[in-house]
Amino acid sequence: MYENIGQMLCKRRKELGINQTELAEAMSLRGFPVTNQAVSKWEKGATLPNAKQFLALCEILEIDDVRGEFSCGSEGIFAGLCREGRRLALDYVQLLRDSGRYANRREEPAYIRSLPLYSLAVSAGTGQFLDGEDYEMVEVGAEVPDGANFGVRVAGDSMEPAFHDGQTVWVRQQRSLMTGEIGIFLYDGNAYLKQLVALEHSMALHSLNPAYSDIVVSPELPLRVLGKVVR
């Protein structure tokens, strides 16, 4: 078990390749202005984040199962599962929610929330740059999964038949994907909706439409994951 919360936060931050300054900036964007010195003190155990700061940290660090993560999987229904096992279990729970077949009928009607919808299309063909400032806020309801953070409009037909030109897809913001998952990527100045696949010596962005060739990721060019498509 980890000695303290700070060690766990530090380990997870390093796993995601985020430095302390970037973590502090992400906290500020969520309405919790802190310095990298504050992050350092948390990680060393000199101070602790308050409850709201802690929840924001878990969101940034992609810690969905907070109790399981900080108890090393030794408690509750996730006992005995590693992080990957807990992630798969949570993904399955989300699939059950999304299906609508197992909804608690006594629950209150789904709430309406606002999400950013980017007006510059993600390229599903030749590639277009996704401008992080060019978006509109739209109201969505139960038709959009709870885990979605933003939406983008598809351009092109390279992801047919699953995704169509002009379709809006909803995305959960995260910094990494597993092989076979479909997400939004920034590569060589362009934004893509693609499937991440593993080749013998590299990775590639795969098009579902066989008319399009895979985009082989060069080690000379950084590949940035913007999020996982959840609808």
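Residues numbered from 1 in each chain as written. Predicted model: local features only at pLDDT ≥ 70, side-chain atom pairs only at ≥ 80, totals over all residues. Heavy atoms only, no water.

**Student:** Any chance you could explain the overall build of the protein chain here in plain terms?
**Tutor:** Regarding its fold elements, the protein chain presents 6 helices and 9 strands. Considering only residue pairs separated by 6 or more positions, the protein chain has 58% of its internal contacts joining residues 24 or more positions apart. Summed over its atoms, the accessible surface of the protein chain is roughly 13,400 Å², and 53% of this surface lies on carbon and sulfur atoms. (Helix = DSSP H or I, 4+ residues; strand = E, 2+ residues; numbered from the N terminus. Contact = heavy atoms within 4.5 Å. Areas by Shrake-Rupley, 256 points an atom, 1.4 Å probe, with all protein chains shown as cover.)

**Student:** So what exactly am I meant to see when it comes to the packing of helix α2 (residues 20-29) against helix α3 (residues 36-44) here?
**Tutor:** When two helices pack together, their arrangement is given by the angle between their axes and by how far apart the axes lie. Look at α2 against α3: their axes get within 8 Å of each other, and the N-to-C directions meet at 110 degrees. By the angle class used here, α2 and α3 are roughly perpendicular. Between α2 and α3, the residues in contact are Gln20, Thr21, Leu23, Ala24 and Met27 and Asn36, Val39, Ser40, Trp42 and Glu43, respectively. Residue composition of the contact of α2 with α3, by class: 5 nonpolar, 4 polar and 1 charged. (Axes fitted to C-alpha atoms, helices over the stretch in contact; angles between N-to-C directions. Parallel < 35°, antiparallel > 145°, perpendicular 65-115°, else oblique. Nonpolar A, V, L, I, M, F, W, Y, C, P; charged D, E, K, R; others polar.)

**Student:** Would you mind going over the nonpolar core with me for this structure?
**Tutor:** Across soluble globular proteins, nonpolar side chains have a tendency to be buried as a group. Among the nonpolar cores identified, the biggest contains 17 residues, and Leu23, Met27, Trp42, Leu57 and Leu61 are the most heavily contacted of them. Among the elements that make up this core, the one with the highest residue count is helix α4 (residues 51-60) (5 residues). Not counting the four nearest positions on each side in its chain, Leu23 is found in contact with Arg13, Ile18, Val39, Leu57, Ile60 and Leu61. Counting 15 residues, the second largest nonpolar core, distinct from the first, contains Phe150, Val154, Val171 and Ile184. (Core = buried A, V, L, I, M, F, W, Y, C linked by side-chain atoms within 4.5 Å. Buried < 20%, exposed > 50% of the residue type's maximum accessible area, 1.4 Å probe, protein only.)

**Student:** What's the story with empty space enclosed by the protein in this structure? I'm lost.
**Tutor:** Which parts of space are left empty comes out when a probe the size of a water molecule is rolled across the atoms. Tallied over the full model, the rule gives 1 cavity of 30 Å³ or more. For the largest cavity, the calculated volume is near 40 Å³. Lining the largest cavity, in full, are Leu9, Leu23, Val39, Trp42, Glu43, Leu57 and Leu61. Looking at the lining of the largest cavity, the element that brings in the most residues is α3, giving 3 residues. For the lining of the largest cavity, the residue count by class is 6 nonpolar, no polar and 1 charged. (1 Å grid on protein atoms, 1.4 Å probe; cavity = no way out; pocket = protein on both sides within 12 Å on 5 of 7 lines; lining within 4 Å. Points joined across faces, edges and corners; volume = space filled by probe spheres on them.)

**Student:** Could you clarify how one ought to interpret the side chain of Ser158 in this entry?
**Tutor:** Looking at the element boundaries, Ser158 is found in the loop between β3 (150-155) and β4 (168-173). Given the relative accessible area of 0%, Ser158 is considered buried. Within the structure, Ser158 has its side chain in polar contact with the side chain of Lys194 (distance 2.9 Å). (Polar contact = N/O pair within 3.5 Å; in protein donor to acceptor, adjacent residues only side chain to side chain.)

**Student:** Sorry if this is basic, but what is going on with α4 here?
**Tutor:** Side chains three or four residues apart in an α-helix point the same way, a direct result of the helix having 3.6 residues per turn. Every buried residue belonging to α4 is among Gln53, Phe54, Ala56, Leu57, Cys58 and Ile60, and all of these are buried. Of the residues flanking the start of α4, the one acting as N-cap is Asn50, its side-chain oxygen 3.1 Å from the backbone nitrogen of Lys52. Immediately downstream of α4, the backbone of Glu62 shows phi near 60 degrees, a positive value.

**Student:** Sorry if this is basic, but what is going on with the packing of aromatic side chains here?
**Tutor:** Aromatic rings considered in pairs are described by the distance between their centres and by the relative angle of their planes. For the structure shown, the criterion picks out 1 aromatic pair. Ring geometry for Tyr118 versus Phe150: centroids 5.6 Å apart, planes at 85 degrees, classification edge-to-face. Taken together, the residues Tyr118 in strand β1 (residues 113-123) and Phe150 in strand β3 connect sequence positions 32 residues apart. No difference in accessibility class separates Tyr118 from Phe150, as the two residues are buried. Geometry around Tyr212 places Lys194 over its ring, the cationic atom sitting 6.0 Å from the centre. (Phe/Tyr/Trp six-rings, centres within 6.5 Å; stacked < 30°, edge-to-face > 60°. Lys NZ or Arg CZ within 6 Å of the ring centre and 35° of its normal.)

**Student:** I'm lost on the pairing of β3 in this one. Help?
**Tutor:** Moving residue by residue along a regular strand, the side chains alternate between the two faces of the sheet. With respect to burial, β3 is a largely interior element, 5 of its 6 residues being buried. Sheet analysis places β3 next to β4, joined by 4 bridges and oriented antiparallel. Bridging from a neighbouring strand, Gly151 pairs with Trp170 of β4. (Pairing = 2+ DSSP bridges.)

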